Amino acid sequence: MVFKVLVVDDSTFYRRRVREILDDDRELEVIGEARNGQDALDKIDTLLPDVVTMDVEMPVMDGISAVKAIMEKRPVPILMFSSLTHHGAQATLDALEAGALDFLPKKFEDIAQDRKDAARLLCTKVRLIARRGVGIKRPVLKRIESRKFPDNAPKPAFFKSSNLLTGRKDATRQPTVSSIKASGKRYKCLAIGASTGGPVALQKILVALPSDFPYPIVLVQHMPGTFTNAFAQRLNSHCNIAVKEAEHGDILKPGCAYLAPGGKQMLIEGSGSHKKVVITDANPSDKINYKPSVDLTFGSLAKAYGGDLLGIILTGMGADGREGCRLMKDNGATIWAQDQDSCVVYGMPQAVAVANISVNSIDIDDMSSCILTEMK
C-alpha cells in the first residue's frame, strides 16, 4: 500500500526537502504541498491525504490551529515539525493535545547525526502514523490549580525498530483486559516507560491519580532534552500528584512523579526507604539508542526495589523497556503493557507481550483505574 502525504510548511525550500525524502520511500507519495494551515485545510478536502506533515510556525493559520481545525473537519494523522526550544516544546505539546500523533525536530541534524538515518526515521514515523490512522482515544483534560509538591521536594524550574515492532494490525497481541482484581502484592514504586504517543497516554493516566497516591512514580518518555521540562510542567499543571523533571539527587517521595530528562540517562539508587535519582550524561560508546533509556532506568529500579514494583510499558516504536522489564520480572515485579488498539505504535508494548514478560494488556482508558485497584 502507498500512503498519500500532504506536506505543510511556509518554506518552499523545506517543503521540497521533505518531499524529496518521502518520495524516495516506496510506501509514501507526496500528493501535494500547502503554504500554511488554511491552505492545508483547503487541500485536504480535495487531495484526501492519508497523512500530513505540519510545521508549527506559519502565517495565516499556524500549525496548532490547523491541527484543531483538521481534527474537527476531516481527521487525518499528523506529524508535527518543531524547533528544539522551550517555545517549540510548548507548541508541540499543544499540537499533540489537539490531535497530532507524533513530532520530529525541524532541523534534521537534531534528529540524527547521519542524514540518511534522519531521513529513514522521518519516513518510518510517517508510515507508522499513516498506517495507524486517527482512531486514537484522546484524553479529556481537567486542569488542577491547587498544586503542591511534597515537603522538601524541589519544585520544577521552568530508535531502531525491528520489522516485528512496527505497529502493524496483524501483530501478535495479548487479549485486552478492562479491569483487574487486586492481587494483594506489595508495592513500593510505579514505573512507566513510553515513546511515540506517550505524552498523551501518560497524561491520560496521571491526571486520574489522587494527590495522596502512596508511591513514587518514575517516568521515562523518549523526548528531546528541551522538551522534558516543559512536559513535566504541563503534567504538573493538569495533575493532582506532583510532577517534575528529575534532578540529580532527588529523593523519591510518595505522590510525586519524576520524569527522566531528555538527552541523559536516569538511574535509581539507594537502599531501604531512601531511594534517590542519579542523572548521568549519555555515553556515545554505550551504543544505547535512547536517551533516556527505559531499559537502563528499569534495570536500576530492579536492583533498588527488587520485586516491589509495578512496571508499565506504553505506546512506542521499537523495543526499549523489554530487557529492563525482564530484569524487573526476574526479581518478582509485575509488568503490564498498553493494548494494541489504544497505542499509536504497538512496538514497545508488543515487545514485552511477545516475550511473555507482561501479564496484562490494558486499554489506556482503563489503565489508571487498574493501577489504583492493584496498588491500593
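Rules used in this analysis
Residues numbered from 1 in each chain as written. Predicted model: local features only at pLDDT ≥ 70, side-chain atom pairs only at ≥ 80, totals over all residues. Heavy atoms only, no water. UniProt positions renumbered as here; feature names shortened; annotations may be inferred. Pairing = 2+ DSSP bridges. Helix = DSSP H or I, 4+ residues; strand = E, 2+ residues; numbered from the N terminus. Axes fitted to C-alpha atoms, helices over the stretch in contact; angles between N-to-C directions. Polar contact = N/O pair within 3.5 Å; in protein donor to acceptor, adjacent residues only side chain to side chain. Buried < 20%, exposed > 50% of the residue type's maximum accessible area, 1.4 Å probe, protein only. Contact = heavy atoms within 4.5 Å. Core = buried A, V, L, I, M, F, W, Y, C linked by side-chain atoms within 4.5 Å. Parallel < 35°, antiparallel > 145°, perpendicular 65-115°, else oblique. Left-handed = near helix turned anticlockwise from the far one by under 90°. Nonpolar A, V, L, I, M, F, W, Y, C, P; charged D, E, K, R; others polar. Expected span 1.5 Å × (residues − 1).

Taking an unreviewed UniProt entry as the reference, the chain is identified by name as Protein-glutamate methylesterase/protein-glutamine glutaminase belonging to Alteromonas stellipolaris. Recorded in UniProt under Sequence similarities (unreviewed entry), the annotation for the chain is "Belongs to the CheB family." Looking at the chain in UniProt, the text filed under Subcellular location (unreviewed entry) is "Cytoplasm".

### Description of the sheet that holds strand β5 (residues 102-105)
Read across the sheet, 5 strands follow the order β2-β1-β3-β4-β5 without closing on themselves; strand pairing throughout is parallel. Every interior strand has two partners, whereas the edge strands, β2 (28-34) and β5, have only one. Ignoring strand direction, the axes of neighbouring strands in this sheet form an average angle of 25°. The sheet contact formed by strand β4 (residues 78-82) and β5 spans 4 bridges and is parallel.

### A word on the sheet that holds strand β14 (residues 334-338)
Consider a sheet: its strands pair through backbone hydrogen bonds, and that pairing is either parallel or antiparallel. Here 8 strands make up an open sheet; going across it, the order is β6-β15-β14-β13-β7-β8-β10-β9 and the pairing parallel. The outermost strands of the open sheet, each flanked by one partner alone, are β6 (176-177) and β9 (242-245). Both β9 and strand β10 (residues 256-259) contribute to a ladder of 4 bridges, which runs parallel. Residue pairing for β10: Lys244 is matched across the bridge by Tyr258.

### Regarding the UniProt feature "active site" (unreviewed entry) in the chain
Under the feature "active site" (unreviewed entry), the UniProt entry names Ser195, His222 and Asp320. These residues run over 126 residues, yet every pair of their C-alpha atoms falls within 9.7 Å of each other. Along the chain, Ser195 falls in the loop between β7 (189-194) and α7 (198-206). The residue His222 is located in the loop between β8 (217-221) and α8 (225-238) in this model. Within the structure, His222 has its side chain in polar contact with the side chain of Ser195 (distance 2.9 Å).

### What to know about unusual backbone geometry
Cis geometry marks the peptide bond from Lys291 to Pro292, where omega comes out at 15°. Topologically, Pro292 is positioned in the loop between β12 (274-281) and α9 (294-305). Positive phi is not limited to glycine here, since Val60 has a value of about 70°. One can find Val60 in the loop between β3 (51-55) and α3 (63-73). The class for Val60 is exposed, based on a relative accessible area of 72%.

### Some points on the environment of Val277
Looking at the element boundaries, Val277 is found in strand β12. With a relative accessible area of 0%, Val277 lands in the buried category. Taking C-alpha positions, Val277 is 6.5 Å from Ile251, a pair spaced 26 residues apart along the chain. Sequence-distant contacts of Val277, that is, excluding residues within four places in its chain, are made with Ala246, Glu247, His248, Gly249, Asp250, Leu252, Met266, Leu267 and Ile268.

### Examining the nonpolar core
Residues Leu314 and Ile371 are the most contacted members of the largest nonpolar core, which totals 64 residues. Per-element accounting of this core gives the leading share, 6 residues, to helix α4 (residues 86-98). Filtering out sequence-adjacent residues up to four positions away, Leu314 remains in contact with Ile192, Gly193, Ala194, Ala201, Leu202, Ile205, Gln338, Met348, Pro349, Ile364 and Met367. Core analysis: the second largest hydrophobic core is formed by 30 residues, Cys189, Ala260, Leu309 and Ile357 among them.

### Brief notes about the packing of α7 against α8
Following both chains from N to C, one finds α7 and α8 inclined at 30°, their axes separated by 10 Å at the closest point. Compared by their axis directions, α7 and α8 come out roughly parallel. Here α7 and α8 pass one another in a crossing that is right-handed. Only Phe231, Arg234, Leu235 and His238 of α8 make contact with α7, whose side of the interface consists of Pro199, Leu202, Gln203 and Leu206. Its residues assigned to classes, the contact of α7 with α8 shows 5 nonpolar, 2 polar and 1 charged.

### Brief notes about α7
Most of α7 is tucked away, with 8 of its 9 residues classed as buried. The secondary structure elements touched by the buried residues of α7 are α4, β7, β8, α8, β14 and α12 (364-374).

### Things to note about α9
Spanning 12 residues, α9 covers 16 Å between terminal C-alpha atoms, matching the ideal 16 Å at 1.5 Å per step. Of all the 12 residues making up α9, 9 are buried; the element is thus mostly covered by neighbouring parts of the structure. The complete set of buried residues in α9 reads Val294, Thr297, Phe298, Gly299, Ser300, Leu301, Ala302, Ala304 and Tyr305. Of the residues that open α9, the one with a side-chain oxygen 3.3 Å from the backbone nitrogen of Asp295 is Ser293. A positive phi of about 65° marks Gly306, the residue just after α9.

### Concerning the environment of Ile279
Residue placement: Ile279 occurs in strand β12. Taking C-alpha positions, Ile279 is 8.0 Å from Gly249, a pair spaced 30 residues apart along the chain. When near neighbours in sequence (up to four residues on either side) are disregarded, Ile279 contacts Ala246, Glu247, His248, Pro261, Lys264, Gln265 and Met266.

### What to know about the packing of α7 against α12
Running from N to C, α7 and α12 cross one another at 40°; their axes reach a closest spacing of 8 Å. Relative to α12, the element α7 lies oblique. Taken as a pair, α7 and α12 cross one another with a handedness that is right-handed. Across from Ala201, Lys204 and Ile205 in α7, the residues of α12 making contact are Ile364, Asp365, Met367, Ser368 and Ile371.

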